[in-house]
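The chain contents come next:
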Amino acid sequence: MPPRILIADDSLNVRTALHQLLNHIQPAELVDAGNGHEAVSKALEFRPGVVILDFVMPVMDGLTAARKILQQLPQTVIFICTMHWSRYLEEQAAVAGVR
């Protein structure tokens, strides 16, 4: 059974690139979300093993979405992908359970 992966980013170009990269590595069931609120909703419906979240998204940021997803699906592996890295963000993500 192929892995289930949720990709949440407000950029269609980033989501498309991640789809291509991940499917090149290994076929997977991929689902997209364009904002953090949608990511939480789709995660609860789709129950992915892995979630890739952008940090800066409209409606709800990636770190808040990660916390909400992990409250309901604690076994989910979550990665935050961002251009806005800081030591503070890294520490907050680690506390939330993000890898």
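Before any of the text, the structure's been laid out above.
For clarity, every value in this text was computed on a predicted model and none was experimentally measured. (Residues numbered from 1 in each chain as written. Predicted model: local features only at pLDDT ≥ 70, side-chain atom pairs only at ≥ 80, totals over all residues. Heavy atoms only, no water.)

*Asks:* In this structure, what is going on with the packing of helix α2 (residues 36-46) against helix α3 (residues 62-72)? I would like to understand it.
*Replies:* Viewed as axis vectors pointing N to C, α2 and α3 meet at an angle of 15°, and their least axial separation amounts to 9 Å. With respect to α3, the axis of α2 lies roughly parallel. Where α2 crosses over α3, the handedness of that crossing is right-handed. Listed contacts from α3 to G36, A39, V40, A43 and L44 of α2 are A65, K68, I69 and Q72. (Axes fitted to C-alpha atoms, helices over the stretch in contact; angles between N-to-C directions. Helix = DSSP H or I, 4+ residues; strand = E, 2+ residues; numbered from the N terminus. Parallel < 35°, antiparallel > 145°, perpendicular 65-115°, else oblique. Left-handed = near helix turned anticlockwise from the far one by under 90°. Contact = heavy atoms within 4.5 Å.)

*Asks:* How should the pattern of salt bridges be read in this particular structure?
*Replies:* Pairs may arise between side chains of opposite charge once their charged atoms sit close together. For the structure on display, the rule yields 4 salt bridges. Between K42 and E38 there is a salt bridge, and its shortest N-O distance comes to 3.2 Å. Pair noted here: K42 and E38 are both in helix α2, with a separation of 4 residues, about one helical turn. Under the relative-accessibility criterion, K42 is labelled partly exposed at 26%. Relative accessible area serves as the criterion here: at 28%, E38 is assigned to the partly exposed category. (Salt bridge = Lys/Arg side-chain N within 4 Å of Asp/Glu carboxyl O. Buried < 20%, exposed > 50% of the residue type's maximum accessible area, 1.4 Å probe, protein only.)

*Asks:* Help me understand helix α4 (residues 87-96) in this model?
*Replies:* In an α-helix there are 3.6 residues to a turn, and that puts residues three or four apart on one side. Restricting attention to buried positions, one finds in α4 the residues L89, A93 and A96. Projected onto a plane normal to the axis of α4, the buried residues spread over an arc of 60° and lie on a single side. Relative to its buried face, α4 has exposed residues pointing more than 90 degrees away, namely Y88, A94 and V95. For α4, the secondary structure elements touched by its buried residues are α3. Count one or two residues on from α4 and you reach G97, which has phi positive near 100°. (Arc of directions from axis to C-beta.)

*Asks:* So what exactly am I meant to see when it comes to the sheet that holds strand β2 (residues 29-33) here?
*Replies:* Strand-to-strand pairing in sheets goes through backbone hydrogen bonds, with the strands running parallel or antiparallel. Pairing is parallel across the open sheet formed by 4 strands, whose spatial order is β2-β1-β3-β4. One side of each edge strand has no neighbouring strand; the edge strands of this open sheet are β2 and β4 (77-81). Going from strand to strand, the sheet's axes swing by 15° on average, the running direction of each strand aside. As paired strands, strand β1 (residues 4-8) and β2 are joined by 5 bridges and run parallel to one another. Residue A8 lies in a different strand from β2, and its bridge partner there is A33. Helix α1 (residues 12-25) contacts β1, β2 and β3 (50-54) of the sheet and is inclined by roughly 170° relative to β2. (Pairing = 2+ DSSP bridges.)

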